[in-house]
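# Secondary and tertiary structure notes
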Amino acid sequence: MPELLQYIKPIIFRGLAFAGIILSQIPTVYAQEKQPLSLEAIFEEDIFHQYGISDIRWMNDGRHYTSVVPDDTAYYSHIMRHDARTAEVTDTLVNGARLIAGDEPYALVFDNYILSPDEQKVLFATEQESIYRRSSKAYYYIYDIAQRTFLALDNRGKQSYATFSPDGSKVAFVRNNNLFYVTLNNRQLHQVTDDGKSNSLINGSTDWVYEEEFGFAKAFHWSPDSEKIAFLSFDETKVKEYNMQRWNALYPEDYRFKYPKAGEQNSIVSLSIYHLDDDKTVKVDVGNETDMYIPRFRWTQNPDLLSFIRMNRLQNQMELLHTNAATGESKVILSENSDTYVDVEFNDNLIYLEDGKHFIMSSERSGFKHIYLYTMDGKEVRQITQGKWEVSELLGVDEKRDILYYTSTEVSPLERHVYVINRQGKKKRKLSQEHGTYGADFSPTFDYYIQKYSSAQQPLQVSLHQAPSGDLVQMLEENQELQDTLKRYQLSDKEFFTFRNSEDTLLYGYMIKPTDFNPSQEYPVLMYVYGGPGSQLVQDSWMRDRDYWHHCLTEQGYIVVCVDNRGTGGRGREFKHVTYRQLGKYEVQDQIDGARYLSRLPFVDPERIGIWGWSYGGYMSSLALFVGNDIFKTAIAVAPVTNWRFYDTVYTERYLQTPQLNAEGYDAYSPLSHAAGMKGNFLLVHGTGDDNVHVQNSLMLQDALIAAGKQFDSFFYPNRNHSIYGGNTRLHLFRMMTNFLEDNL
């Protein structure tokens, strides 16, 4: 493991950081004073909560930003303005006590806020309701900072995705599947579309599968001149419905929504441009093929030129097109093909430069994701970044200084660091220093950035820095309260390691041992897995609630191990795409190889190795137990996919093609196909209100196990969605899993 030593450091807790003091000076009861972790502390008391800086918004001058600060004496909050040169509060931009709606005698509590482009008004969202993972609706209010007026945007029902026009004079939103906008000077409502209908036609917001798999719910954009709105429409009439029952009344309530399962009919998507001046809608030429995707669209710097990405159904061809806003005529500017699939990232690494002559876009075509510069007609100027490492995110382009910022895996696949490089691909410099995971949010002028950093040893740190030097201005949040809390509890080091699988591929993992670990003893092992395409669990970053639960288990005598199998992210195209057309094959083999590697370690009990996972991880843990029944004793699967035929089109077909083209790829590594191979102990958990991975998956697996004569445990959480949370739910779930492991591993 010599390649790991440069960035793996042991966790040194405060109580053990007295190496220079004579041992007799340290109280011998110190270790006994530390408390073991409890499920109640993690899931009920929530004492390990990490804090960030609430709702930061950069201001136009690049020298100030705003944040939400709770009032010391009341339940409402204020929006404060900060000077980026000092990070100190300069004034109160919005006094929360003034947010009085109508005749109500109290100030409203807001869930979100957006400054108008001219920073004269604020758009507030209140009583926000989640719909699915990214979609929501709320009551929106407009606050005029100078006039101190606070008025409802529209009083005819909740709205979604309210957005200022670039000139700040209008706000567009979606309601009941139709697109609207309000002119703020006269409060007049304008209806852009009128054919929207539930489970039939959607305008201005995405359907379920786009929201989940392409990562966006708002499907409209203002043009730079505020005179046009581009929007997507989804014709769902031929998409089959999924019927999900809600168990909260005398008779269960049916909830039906359009969900395209693999190989089935998708929505027919179209793109339009609405011209405000003459109330005219222009249809964009998106091609003759209707069975395709438009996963991204945006305006260029030219208000008469719209950009969109078109992908074929199998997602192995991506085209960037430019559209004349007046006529709707489109032209292919750039095309990329793959013998597997072309990725469309959630962080969307496409930026049109202000010079109006170039754009920057990322691609995996070199074998690793890198940044490229193009002219507006699609001609490649140069590859800006290069090497056997990946660009994780393009953070921004400072055209004034001719430089750009990005995060990458250049130091290690386990880390993410912030870099600056010029547009010629030279003078690259790393701005982040310590090992770990970094992100950055730059001001509009690129004079400052807010950095978020954590590592396996360090909770979230938020700091303000100068750009492009990277010099620290001030720490904004150090999570000192969390660090003080951690001193009171028994926590072990997270140790990173590598091993080679049965095909001699190097894999990364981490291991958490009991605090009183004795290398001469044998311990049971629980492996934690996700393993889906492009994912990554083995990363040098701080913990989440599942990680704290793992520490609970180590104090009960377990070793917890996580391995990132082939198909996961951070290691280039070949490593990630090897699972194409055969999901489950290589991923599960790597988990089995990992278990066998662990079984040979002198401190591991080879008869007591278990595995657990959630979602894709539940698919993996189920399959691992059924296929690897000679190495795994126990498995827990939470909300698993059990056959990819049950999952959605966009995700599944990206990696497996359609069932019609690749039936073997769907069935060969389905847990349903291997239920007869189950040995050992199995716990199956699902929420009945899961709109993502339907409870159908677990019910069909139950049926297959019953048919095979297998005994197993299962539990269903009524009305809970894919995250299985709410009230006492998480505490109940993790206590049940803990008890199951105590009895069966």
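So, here's what we can say about the structure.

Rules of the game
- Residues numbered from 1 in each chain as written.
- Predicted model: local features only at pLDDT ≥ 70, side-chain atom pairs only at ≥ 80, totals over all residues.
- Heavy atoms only, no water.
- Helix = DSSP H or I, 4+ residues; strand = E, 2+ residues; numbered from the N terminus.
- Rg over C-alpha atoms; globule rule 2.2 N^0.38 Å.
- Contact = heavy atoms within 4.5 Å.
- Areas by Shrake-Rupley, 256 points an atom, 1.4 Å probe, with all protein chains shown as cover.
- Lys, Arg positive; Asp, Glu negative; His and termini not counted.
- Charge placed at Lys NZ, Arg CZ, Asp CG, Glu CD.
- Buried < 20%, exposed > 50% of the residue type's maximum accessible area, 1.4 Å probe, protein only.
- Pairing = 2+ DSSP bridges.
- Expected span 1.5 Å × (residues − 1).
- Disulfide = S-S within 2.5 Å.
- Axes fitted to C-alpha atoms, helices over the stretch in contact; angles between N-to-C directions.
- 1 Å grid on protein atoms, 1.4 Å probe; cavity = no way out; pocket = protein on both sides within 12 Å on 5 of 7 lines; lining within 4 Å.
- Points joined across faces, edges and corners; volume = space filled by probe spheres on them.
- Nonpolar A, V, L, I, M, F, W, Y, C, P; charged D, E, K, R; others polar.
- Phe/Tyr/Trp six-rings, centres within 6.5 Å; stacked < 30°, edge-to-face > 60°.
- Salt bridge = Lys/Arg side-chain N within 4 Å of Asp/Glu carboxyl O.
- Polar contact = N/O pair within 3.5 Å; in protein donor to acceptor, adjacent residues only side chain to side chain.
- Core = buried A, V, L, I, M, F, W, Y, C linked by side-chain atoms within 4.5 Å.
- Left-handed = near helix turned anticlockwise from the far one by under 90°.

## Considering the overall build of the protein
A tally of regular secondary structure across the protein gives 12 helices and 43 strands. In terms of C-alpha radius of gyration, the protein reaches 27 Å, essentially the compact-globule figure of 27 Å for 745 residues. Dimensions along the principal axes, computed over C-alpha positions, put the protein at roughly 80 × 65 × 60 Å. Pairs at least 24 residues apart make up 57% of the contacts formed inside the protein by residues separated by at least 6 positions. If you sum the accessible surface of the protein, you get close to 31,000 Å²; carbon and sulfur atoms cover 46% of it. Averaged over its 74 positive side-chain charges, the protein has a centre that lies 3 Å from the centre of its 99 negative ones.

## Thoughts on the pairing of strand β2 (residues 64-70)
Most of β2 sits inside the fold, with 5 of its 7 residues counted as buried. Bridging between strand β1 (residues 57-58) and β2 involves 2 bridges; their strand directions are antiparallel. Of the residues in β2, the one forming a bridge with Trp58 is Tyr65. Hairpin connection, β1 to β2: the antiparallel pair is bridged by 5 residues, and Gly62 has positive phi, about 75 degrees.

## Section: helix α7 (residues 585-599)
Taking 1.5 Å of rise per residue, 15 residues should cover 21 Å, and α7 covers 21 Å from first to last C-alpha, within 8% of that figure. Burial analysis of α7 places 11 of its 15 residues in the buried class, the great majority of the element. Along α7, the residues that are buried comprise Tyr586, Glu587, Val588, Asp590, Gln591, Ile592, Asp593, Gly594, Ala595, Leu598 and Ser599. Buried positions along α7 lie against β36 (494-500), β37 (506-512), β38 (523-529), β39 (559-564), β40 (604-614) and α8 (616-627).

## What to know about the state of the cysteines
Structurally, a disulfide amounts to a covalent bond that connects the sulfur atoms of two cysteines. By the definition in use, this model includes 0 disulfides. This cysteine, Cys562, is not joined by any disulfide, and Cys552 carries the nearest cysteine sulfur, 18 Å off. Residue classification places Cys562 among the buried positions, given a relative accessible area of 0%.

## With respect to the sheet that holds strand β43 (residues 713-717)
If you walk across this open sheet you meet the 8 strands as β36-β37-β39-β38-β40-β41-β42-β43, and the pairing is mixed. Every interior strand has two partners, whereas the edge strands, β36 and β43, have only one. This sheet shows a mean twist of 20 degrees between the axes of neighbouring strands, independent of strand direction. Across 6 bridges, the pairing between β38 and β40 is parallel.

## Focus: empty space enclosed by the protein
To find leftover empty space, a probe the size of one water molecule is rolled over the atoms. For the structure on display, the rule yields 2 cavities of 30 Å³ or more. The calculated volume of the second largest cavity comes to roughly 50 Å³. For the second largest cavity, the full set of lining residues is Pro413, Leu414, Tyr508, Gln536, Asp564, Thr568, Gly569, Arg571 and Phe575. Of the residues that constitute the lining of the second largest cavity, the class distribution is 4 nonpolar, 3 polar and 2 charged.

## Some thoughts on the packing of aromatic side chains
Two aromatic rings, taken as a pair, are described by how far apart their centres are and by the angle between their planes. Overall, the coordinates contain 54 aromatic pairs when judged by the stated rule. With 5.1 Å between their ring centres and 70 degrees between their planes, Trp549 and Phe734 make a pair best called edge-to-face. One end of the pair, Trp549, is in helix α5 (residues 545-554); the other, Phe734, is in helix α12 (residues 729-744), with 185 residues separating them in the sequence. Phe734 shares its class with Trp549; the two are buried. Relative to Trp644, the ring of Tyr619 has its centre 5.2 Å away and its plane inclined at 70 degrees; by these criteria the two rings are edge-to-face.

## Describing the sheet that holds strand β35 (residues 472-477)
Reading across from one edge, β32-β33-β34-β35 is the order of the 4 strands in this open sheet, with antiparallel pairing throughout. The open sheet terminates on both sides in strands that have one partner only, identified here as β32 (437-442) and β35. Neighbour-to-neighbour, the strand axes of this sheet turn through a mean angle of 25 degrees, independent of strand direction.

## Topic: the pattern of salt bridges
Pairing between side chains of opposite charge can happen when their charged atoms approach one another. Applying the stated criterion across every chain, the model contains 35 salt bridges. Residue Lys158 is joined to Glu129 by a salt bridge in which the shortest nitrogen-to-oxygen separation is 2.5 Å. Linking Lys158 in the loop between β8 (149-152) and β9 (160-164) with Glu129 in strand β6 (residues 121-130), this pair joins segments that are 29 residues apart in sequence. For Glu129, a relative accessible area of 35% corresponds to the partly exposed category. With a shortest N-O distance of 3.9 Å, Glu241 and Arg256 are connected by a salt bridge. You can see Glu241 sitting in strand β16 (residues 241-246) and its partner Arg256 sitting in strand β17 (residues 253-258), a full 15 residues away along the chain. On the basis of relative accessible area, Glu241 is assigned to the partly exposed category, the value being 39%. Taking relative accessible area as the criterion, Arg256 reaches 42% and is therefore assigned partly exposed. Each of Arg63, Asp398, Arg401 and Asp447 takes part in a single network of salt bridges with overlapping partners.

## Focus on the side chain of Thr738
Take Thr738: it is sitting in helix α12. A polar contact is formed between the side chain of Thr738 and the backbone oxygen of Phe734, at a distance of 2.6 Å. Those residues in contact with Thr738 that sit more than four places away from it in its chain are Leu39, Trp549, Leu553 and Gln556.

## Let's talk about the nonpolar core
Counting residues in hydrophobic clusters, the biggest one holds 98 residues, and the most contacted among them are Phe359, Met527, Phe632, Trp644 and Phe682. Here this core gets 7 residues from one element, more than from any other, and that element is α8. If near-sequence neighbours (up to four positions away) are discounted, Phe682 is found in contact with Ser622, Leu625, Phe626, Ala635, Ala637, Leu701, Leu705, Phe712, Asp713 and Phe740. If you look at the next biggest cluster of nonpolar residues, it comprises 47 residues, including Tyr508, Trp542, Leu733 and Met737.

## Overview of the packing of α5 against α12
Where α5 meets α12, the closest approach of the two axes is 12 Å, and the angle between their N-to-C directions is 35 degrees. Crossing geometry of α5 relative to α12 is assigned as right-handed. For the pair α5 and α12, contact is made by Asp545, Arg546, Trp549 and Leu553 and by Arg730, Phe734, Met737, Thr738 and Leu741, respectively. When grouped by side-chain class, the residues that make up the contact of α5 with α12 number 5 nonpolar, 1 polar and 3 charged.

## Here's the deal with the pairing of β6
Where strand β5 (residues 112-115) lies against β6, 4 bridges are found, and the strand directions are antiparallel. Residue pairing across strands places Ile114 opposite Leu123, the latter belonging to β6. In this structure, the hairpin formed by β5 and β6 is closed by a connection of 5 residues, where Glu119 is found at a positive phi of approximately 60 degrees. As defined by bridge partners, β6 adjoins strand β7 (residues 136-144) across 8 bridges and the pair is classed as antiparallel.

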